[in-house]
Amino acid sequence: MDPTLALLGVGAFLAGMVDAVVGGGGLIQIPLLFSAFPQAAPATLFGTNKLASVFGTAGAAVQYSRRVSIPWSAAGPAALAAAIGSWSGARAVVLFPPAALRPLILVLLILVALYTFLRKDFGIHHRRLASAGRECGLAILIGAALGFYDGFFGPGTGSFLIFGFVRLFGMDFLRASASAKLINVATNVSAIGFFASHGPLLWTLGLVMAVCNLAGAHVGTWLALRRGTAFVRQAFLLVVSVLIAKLAWDMVKGG
């Protein structure tokens, strides 16, 4: 077997597993793709990453929906808004350098981590915080904003979604993670459409990685459902910490 393909397959499996629990699989897949294909256009690699991820994300969403009561009144409108936002965000890349967002995103992730760590009961219990009308409006707002961010820049989208669902809608971490998968499916499909229309994707490689990503997502979802909300909360803090470290390193290296 081609060692590069084997490495990408293992990376896709791990990305699917992490993504199914709290998001952040792009931290694994994207650097591997750029390392394996340094001459390829960024749009090709970003699109291939989305292609590899969408199957695992969709599989995780289906598994969660069978075992967890997903608050569709929030998740549904957020997913629709996120699909539109993701396409718009991808188009905006040509107008504004995404790297300029790193300092702001770094600060926001640090605040998210501190808030979650200090509030020991944060996301442990599910309780509805908003009326149906207000919930729908907030869902559209958060879906559009984070969908745009996912298409434009990306790192931490899953973490921000989960934090937003817990903080604004009173979900526990397990329901928030399940709901975030639906939004991720919408943003991935939208981004694939954009990138495929603006350059060739590595379809064969993407589909091979998709199978590995789907297998990883199955394992990750099983772990989350078996271990429950406390496990997802711990995994959330770990992934956010890794994101903070990576963004800080990128800023230092870039400077």
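Residues numbered from 1 in each chain as written. Predicted model: local features only at pLDDT ≥ 70, side-chain atom pairs only at ≥ 80, totals over all residues. Heavy atoms only, no water.

Details of the overall build of the protein
Each helix and strand in the protein was counted, giving 10 helices and zero strands. Helices and strands in the protein line up, N terminus first, as α-α-α-α-α-α-α-α-α-α. What you see for the protein is a C-alpha radius of gyration of 17 Å, in line with the 18 Å of a compact globule of 255 residues. Counting every position in the protein, which comprises 255 residues, the buried fraction comes to 51%. (Helix = DSSP H or I, 4+ residues; strand = E, 2+ residues; numbered from the N terminus. Rg over C-alpha atoms; globule rule 2.2 N^0.38 Å. Buried < 20%, exposed > 50% of the residue type's maximum accessible area, 1.4 Å probe, protein only.)

So, the confidence of the model for the protein
The predicted model of the protein averages 87 in pLDDT, with 93% of residues at 70 or higher. Confidence, expressed as mean pLDDT per element, reaches its minimum in the protein at helix 5 (residues 102–118) with 85 and its maximum at helix 9 (residues 203–227) with 95. (pLDDT = per-residue confidence, 0-100.)

Details of the environment of isoleucine 183
For isoleucine 183, the location among the structural elements is in helix 8 (residues 173–197). Between the C-alpha atom of isoleucine 183 and that of valine 10, which follows or precedes it by 173 residues, the distance is 25 Å. Not counting the four nearest positions on each side in its chain, isoleucine 183 is found in contact with Ala75, Ala78, Ala79, Ala82, Leu161 and Phe165. (Contact = heavy atoms within 4.5 Å.)

What to know about helix 3 (residues 42–67)
Helix length check: helix 3, at 26 residues, gives a terminal C-alpha distance of 37 Å against a target of 38 Å (1.5 Å per residue), a fit within 8%. The largest bend along helix 3 reaches roughly 30° and is located at serine 53. (Expected span 1.5 Å × (residues − 1). Bend = angle between axes of the 7 residues up to and from the residue.)

A word on a nonpolar patch on the surface
Together, Leu104, Val107, Leu108 and Leu111 give the surface a local cluster of nonpolar side chains, amounting to about 350 Å² of exposed area. By secondary structure assignment, the location of leucine 108 is in helix 5. (Patch = residues over 30% accessible without salt bridge, like charges linked within 9 Å, V, L, I, M, F, W, Y side chains within 5 Å. Areas by Shrake-Rupley, 256 points an atom, 1.4 Å probe, with all protein chains shown as cover. Salt bridge = Lys/Arg side-chain N within 4 Å of Asp/Glu carboxyl O.)

Concerning the packing of aromatic side chains
This model, assessed by the stated rule, comprises eight aromatic pairs. Taking 5.7 Å as the distance between ring centres and 85° as the angle between the ring planes, the aromatic pair formed by tyrosine 115 and phenylalanine 163 counts as edge-to-face. Residue tyrosine 115 is found in helix 5, and its partner phenylalanine 163 is found in helix 7 (residues 157–169); the two are separated by 48 residues along the sequence. Its relative accessible area of 25% is what places tyrosine 115 among the partly exposed residues. Ring geometry for phenylalanine 173 against phenylalanine 236: centres 5.2 Å apart, planes inclined by 50°, an arrangement best described as tilted. Highlighted residues: phenylalanine 173 in helix 8 and phenylalanine 236 in helix 10 (residues 229–254), separated in sequence by 63 residues. For phenylalanine 173, a relative accessible area of 0% puts it in the buried group. Pairwise contacts between aromatic rings join Phe34, Phe46, Trp87, Phe194 and Phe195 into one cluster. (Phe/Tyr/Trp six-rings, centres within 6.5 Å; stacked < 30°, edge-to-face > 60°.)

Concerning the layout of surface pockets
Over the atoms a probe the size of a water molecule is rolled, and this reveals where empty space is left. Here the largest pocket defines a volume of roughly 1100 Å³. Taken together, 46 residues form the lining of the largest pocket, with Ile30, Phe46, Phe153, Gly154 and Pro155 sitting closest to its centre. For the lining of the largest pocket, the secondary structure elements donating two or more residues are helix 1 (3–22), helix 2 (26–36), helix 3, helix 4 (72–92), helix 6 (132–152), helix 7, helix 8 and helix 10. With seven residues, helix 3 is the largest single contributor of residues to the lining of the largest pocket. In terms of residue class, the lining of the largest pocket is made up of 21 nonpolar, 17 polar and eight charged. (1 Å grid on protein atoms, 1.4 Å probe; cavity = no way out; pocket = protein on both sides within 12 Å on 5 of 7 lines; lining within 4 Å. Points joined across faces, edges and corners; volume = space filled by probe spheres on them. Nonpolar A, V, L, I, M, F, W, Y, C, P; charged D, E, K, R; others polar.)

A short note on the pattern of salt bridges
According to the stated counting rule, one finds three salt bridges in the structure shown. The salt bridge involving aspartate 172 is made with arginine 175; its shortest N-O contact spans 2.7 Å. When its relative accessible area of 22% is taken as the criterion, arginine 175 is described as partly exposed.

Examining helix 6
Helix length check: helix 6 (21 residues) gives 30 Å between terminal C-alpha atoms against 30 Å at 1.5 Å per residue, within 8%. Buried within helix 6 we find Glu135, Leu138, Ala139, Ile142, Gly143, Leu146, Gly147, Tyr149, Asp150, Gly151 and Phe152. Of the surrounding secondary structure, the elements contacted by the buried residues of helix 6 are helix 3, helix 4, helix 5, helix 7 and helix 8. At the C-terminal side of helix 6, glycine 154 shows a positive phi close to 110°.

Observations regarding the environment of leucine 247
Assignment of secondary structure puts leucine 247 in helix 10. Taking the C-alpha atoms as reference points, leucine 247 and arginine 102, separated by 145 residues in sequence, lie 6.6 Å from one another. Those residues in contact with leucine 247, other than ones at most four positions away along the chain, are Arg102, Ile105, Leu106, Leu109 and Phe153.

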